[in-house]
Amino acid sequence: VQLVESGGGLVQPGGSLRLSCAASGSIFAISAMGWYRQAPGKQRELVATITRGGSTEYAHSVKGRFTISRDNAKNTVYLQMNALTSEDTAVYYCKGDVTQLGALYGTDYWGQGTQVTVSS
């Protein structure tokens, strides 16, 4: 199983980016998916999560600015980020609770991360 993020880059303050994370491999189902981020010198933190049914949760710092969504048919999760500030600069990672074909339970898999830099 692989999770591959894309969509990161350099954006000016107030701008927007859309991150994508596609899972591939021997997948039976993916339950919860989420986005996390890690800024230099800080611990990795939760940004947003979404259940297979579409229920979402957000960190207080991004609520109202970020939107998480998913396409179950494509095993893909998205993060629409608006009104970005320098505080959002970090490496963004996606995580999926993946049940592989033939498995009895799910396992967390992480992507490799994508850099988001907010700077003028």
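Our structure is the block above this text.
Notes on the structure follow. On a predicted model such as this, the values are computed, not experimentally measured, just so you know.

Glancing now at unusual backbone geometry. Positive phi is not limited to glycine here, since Asn75 has a value of about 50°. A positive phi is found at Ala83, a non-glycine position, where the angle reads about 50°. With respect to the helices and strands, the residue Ala83 is situated in the loop between strand E8 (76–81) and strand E9 (90–100).

Turning our attention to the packing of aromatic side chains. One pass over the full model with this rule turns up one aromatic pair. Sitting over the ring of Tyr78, Arg18 keeps its end group 4.1 Å from the ring centre. The positively charged end of Arg44 is found above the aromatic ring belonging to Trp110, 4.7 Å away from the centroid.

Right, let's talk about the pattern of salt bridges for a bit. Opposite charge on two side chains permits pairing when their charged atoms draw close. Tallied over the entire structure, the rule returns four salt bridges. Of the charged contacts in the structure, one is a salt bridge between Arg37 and Asp88, with a shortest N-O distance of 2.9 Å. Linking Arg37 in strand E4 (residues 27–38) with Asp88 in the loop between E8 and E9, this pair joins segments that are 51 residues apart in sequence. Each member of the pair, Arg37 as well as Asp88, is classed as buried. Across the pair Asp108 and Lys95 runs a salt bridge whose closest N-O atoms are separated by 3.6 Å. With Asp108 in strand E10 (residues 107–110) and Lys95 in strand E9, the pair connects residues that are 13 residues apart, well separated along the chain. One salt-bridge network, held together by shared partners, links Arg37, Glu45, Arg65 and Asp88.

Strands sit in the order E1-E3-E8-E7 across an open sheet of four strands; the sheet is antiparallel. Strands with a single pairing partner mark the edges of an open sheet, and in this sheet they are strand E1 (2–6) and strand E7 (66–71). Neighbouring strand axes in the sheet, compared pairwise and without regard to direction, differ in orientation by 15° on average. Inspection of the sheet shows E1 paired to strand E3 (residues 17–24) by five bridges, in the antiparallel sense.

What counts, and where the lines are drawn
Residues numbered from 1 in each chain as written. Predicted model: local features only at pLDDT ≥ 70, side-chain atom pairs only at ≥ 80, totals over all residues. Heavy atoms only, no water. Helix = DSSP H or I, 4+ residues; strand = E, 2+ residues; numbered from the N terminus. Phe/Tyr/Trp six-rings, centres within 6.5 Å; stacked < 30°, edge-to-face > 60°. Lys NZ or Arg CZ within 6 Å of the ring centre and 35° of its normal. Salt bridge = Lys/Arg side-chain N within 4 Å of Asp/Glu carboxyl O. Buried < 20%, exposed > 50% of the residue type's maximum accessible area, 1.4 Å probe, protein only. Pairing = 2+ DSSP bridges. Axes fitted to C-alpha atoms, helices over the stretch in contact; angles between N-to-C directions.

Geometry only, nothing functional implied.
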